[in-house]
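Chain residues, written in single-letter form:
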Amino acid sequence: MLTFFSKTFTKRTQPGQRQSITHESYVVHCYVRSDGLAGSVTTDLEYPSRVAFVLLTQVMDEFTTVHGNSWRGTTQPYSMTLDSLEEYLAKYQDPAAADKVTKIQKDLEDTTQILHKTIDSVLERGVKLDNLVERSDDLSRQSKLFYKQAKKTNSCCVIS
């Protein structure tokens, strides 16, 4: 079924264009180069489309390097293979590890989360410090009041 969708979507993609088509829980990413060489990759919904197109571009560039323009005269599907395809697929299983931009973006998101937690804890400490200062001021006022009342109470009665 996915092969049918890949072939259909690739045929409908214009040369020099890229497109991503979502079907149920999959996304078919198609890329047809301006010279007519086409490729597609099927991913789940969470896989970044940018990384999928980087994979397609690299595989198609290597395919052209290995086979040259001999693919133009081929009419049989799967008659030309690329030995390193399995290596590419294994490498791109983890998009963050395979693509530097995605890895940097993930690192930035992690750093942002850490910063948010740090800022929240600092603000929370600030609120606790404000409460402590307020309690200290209250205690100071109460001790002054107690001192004045004790002085007033002790001044009225002199013991000899």
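The rules behind the values
- Starting from 1, residues in each chain are numbered consecutively following that chain's sequence as written.
- Note on the predicted model: pLDDT of at least 70 is required for a residue's local features to be given, and 80 or more for side-chain atom pairs to be given and counted; whole-chain, interface and lining totals, by contrast, use all residues.
- Only hydrogens and water are removed before side-chain values are computed, so all heavy atoms of the structure are retained for them.
- A run of DSSP states H or I qualifies as a helix once it reaches four residues; a run of E qualifies as a strand once it reaches two. Both are numbered from the N-terminal end.
- Per-residue accessibility, obtained with a 1.4 Å probe over protein chains only, is compared with the maximum for each type, and a residue is labelled buried under 20%, exposed over 50%, and partly exposed between these values.
- Here a polar contact means two N or O atoms within 3.5 Å. Within protein one must be a hydrogen donor candidate and the other an acceptor candidate, and residues neighboring in sequence count only if both atoms are side-chain atoms.
- Residue contacts are defined here by distance: any two heavy atoms, one from each residue, within 4.5 Å place the two residues in contact.
- Each salt bridge in this description consists of a side-chain nitrogen of Lys or Arg and a carboxyl oxygen of Asp or Glu lying within 4 Å of one another.
- If DSSP finds at least two bridges between two strands, the strands pair.
- The convention used is that axes are lines fitted to C-alpha atoms, helices contributing only their stretch in contact, and that angles between N-to-C directions extend from 0 to 180 degrees.

Caption draft 1: Structural context of the side chain of Thr 13. Position of Thr 13 among the secondary structure elements: in the loop between α1 (2-11) and β1 (17-23). Its relative accessible area of 6% is what places Thr 13 among the buried residues. Looking at Thr 13, its side chain comes within polar contact range of the main-chain oxygen of Phe 9, at 2.7 Å. For Thr 13, the residues in contact, after removing those within four places along its chain, are Arg 18, Gln 19, Cys 30 and Val 32.

Caption draft 2: Summary view of the pattern of salt bridges. In total, this model carries 5 salt bridges according to the counting rule given. A salt bridge links Arg 33 to Asp 35, with the nearest nitrogen and oxygen atoms 2.7 Å apart. Note on Asp 35: relative accessible area 23%, which makes it partly exposed. Lys 128 is the salt-bridge partner of Glu 124, the closest N and O atoms lying 3.8 Å from each other. Linking Glu 124 with Lys 128, this pair stays in helix α5 (residues 100-156), spanning 4 residues, or about one helical turn. According to the relative accessible area criterion, Glu 124 is partly exposed, its value standing at 48%.

Caption draft 3: Structural detail: the sheet that holds strand β3 (residues 38-44). The 3 strands are arranged β1-β2-β3 in an open sheet whose pairing can be described as antiparallel. Looking at strand neighbours, the two that pair on one side only are β1 and β3, the edges of this open sheet. Ignoring strand direction, the axes of neighbouring strands in this sheet form an average angle of 15°. One ladder, built from 7 bridges, connects β1 with strand β2 (residues 26-32); its direction is antiparallel. Bridge pairing in β2 links His 23 to Tyr 26.

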